[in-house]
Amino acid sequence: MVKTLLSILISAALLLSAAIFEHFFVSSQFEKFSAAVCALEDKVRGQNATTADTDIVKTLWDSEKKLLHIVIPHGDIAYIDYWLGEAAGCIETGDFDDALSKIEVLVVICEQIPQQYSVSLENIF
């Protein structure tokens, strides 16, 4: 009985530790990417964004998503790839209004995904 309870407590502690690590890991990865997307959004608002700016954000995202594949489903990563590609295409053609709407979607995604992996009661139940 004591061994069983001890095993349950150790398992629960390990699961909680893994969940806390996942929360901080995902949050830190998305903080960097979110800052880059916000900087791109400011340039698009000023209508002076270039393809080099989108290449910087894409390169950052490519390096971040290699690590995020461990904890985030491929669907979420593909969703960000899609919107980032759409925004890059709009910036390349000079359609800053459409690019801005797509980047605003990226900003919302960057806020929502870390919340989905946070340690909270709504995510546990």
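This text follows the structure it describes.
What you see is a predicted model, and the numbers here were worked out from it, not measured in a lab.

Undergrad: Would you take a moment to explain helix 4 (residues 96-116) for this structure?
TA: For an α-helix, 3.6 residues make a turn, and residues three or four places apart therefore share a direction. Here helix 4 contains 21 residues, and its C-alpha end-to-end distance of 30 Å stays within 8% of the 30 Å for a straight helix at 1.5 Å per residue. Residues of helix 4 that are buried include every one of Phe96, Ala99, Leu100, Lys102, Ile103, Leu106, Val107, Ile109, Cys110, Ile113 and Pro114, and no others. Buried residues along helix 4 sit against helix 1 (2-45) and helix 3 (74-93).

Undergrad: Before we go on, may I ask you to explain the side chain of Thr54 in this structure?
TA: Residue placement: Thr54 occurs in helix 2 (residues 51-68). By relative accessible area, which is 4% here, Thr54 ends up buried. For Thr54, the residues in contact, after removing those within four places along its chain, are Leu40, Ala88 and Ile91.

Undergrad: In this structure, what is going on with the packing of aromatic side chains? I would like to understand it.
TA: Centre-to-centre distance and the angle between the planes together describe a pair of aromatic rings. In the structure shown here, the tally under the stated rule is 5 aromatic pairs. Seen in terms of ring centroids, Phe21 and Phe25 are 5.8 Å apart; in terms of plane orientation they differ by 20°. Their pairing is stacked. Taken as a pair, Phe21 and Phe25 lie in helix 1 at a separation of 4 residues, close to a single helical turn. The exposure class of Phe21 is exposed, given its relative accessible area of 55%. Summarising the aromatic geometry, the rings of Tyr82 and Trp83 are spaced 5.3 Å apart at their centres and angled 80° between planes, so their arrangement reads as edge-to-face.

Undergrad: Looking at this structure, I do not really get the packing of helix 2 against helix 3. What am I missing?
TA: For any two helices packed against each other, the geometry is given by the interaxial angle and the distance between the axes. Two numbers describe how helix 2 lies on helix 3: the axes approach to 10 Å, and their chain directions differ by 170°. Relative to helix 3, helix 2 is oriented roughly antiparallel. Residue-level inspection shows Thr51, Thr54, Val57, Lys58, Trp61, Lys65 and Leu68 of helix 2 in contact with helix 3, the latter providing Ile77, Ile80, Asp81, Leu84, Ala88, Ile91 and Glu92. Grouping the constituent residues of the contact of helix 2 with helix 3 by class yields 8 nonpolar, 2 polar and 4 charged.

Undergrad: Where do I start with the pattern of salt bridges in this structure?
TA: Charged atoms that come close allow side chains of opposite charge to pair. Counted by the stated rule, this structure contains 6 salt bridges. Measuring nitrogen to oxygen at the nearest pair gives 3.0 Å for the salt bridge that ties Lys65 to Asp81. One end of the pair, Lys65, is in helix 2; the other, Asp81, is in helix 3, and 16 residues separate them in sequence. When its relative accessible area of 27% is taken as the criterion, Asp81 is described as partly exposed. Among the ionic pairs, Glu86 bridges to Lys102, the shortest N-O distance being 3.9 Å. Here Glu86 is found in helix 3, whereas its partner Lys102 is found in helix 4, with 16 residues between them in sequence. One salt-bridge network, held together by shared partners, links Glu41, Arg45 and Glu104.

Quick notes on the rules
Residues numbered from 1 in each chain as written. Predicted model: local features only at pLDDT ≥ 70, side-chain atom pairs only at ≥ 80, totals over all residues. Heavy atoms only, no water. Helix = DSSP H or I, 4+ residues; strand = E, 2+ residues; numbered from the N terminus. Expected span 1.5 Å × (residues − 1). Buried < 20%, exposed > 50% of the residue type's maximum accessible area, 1.4 Å probe, protein only. Contact = heavy atoms within 4.5 Å. Phe/Tyr/Trp six-rings, centres within 6.5 Å; stacked < 30°, edge-to-face > 60°. Axes fitted to C-alpha atoms, helices over the stretch in contact; angles between N-to-C directions. Parallel < 35°, antiparallel > 145°, perpendicular 65-115°, else oblique. Nonpolar A, V, L, I, M, F, W, Y, C, P; charged D, E, K, R; others polar. Salt bridge = Lys/Arg side-chain N within 4 Å of Asp/Glu carboxyl O.

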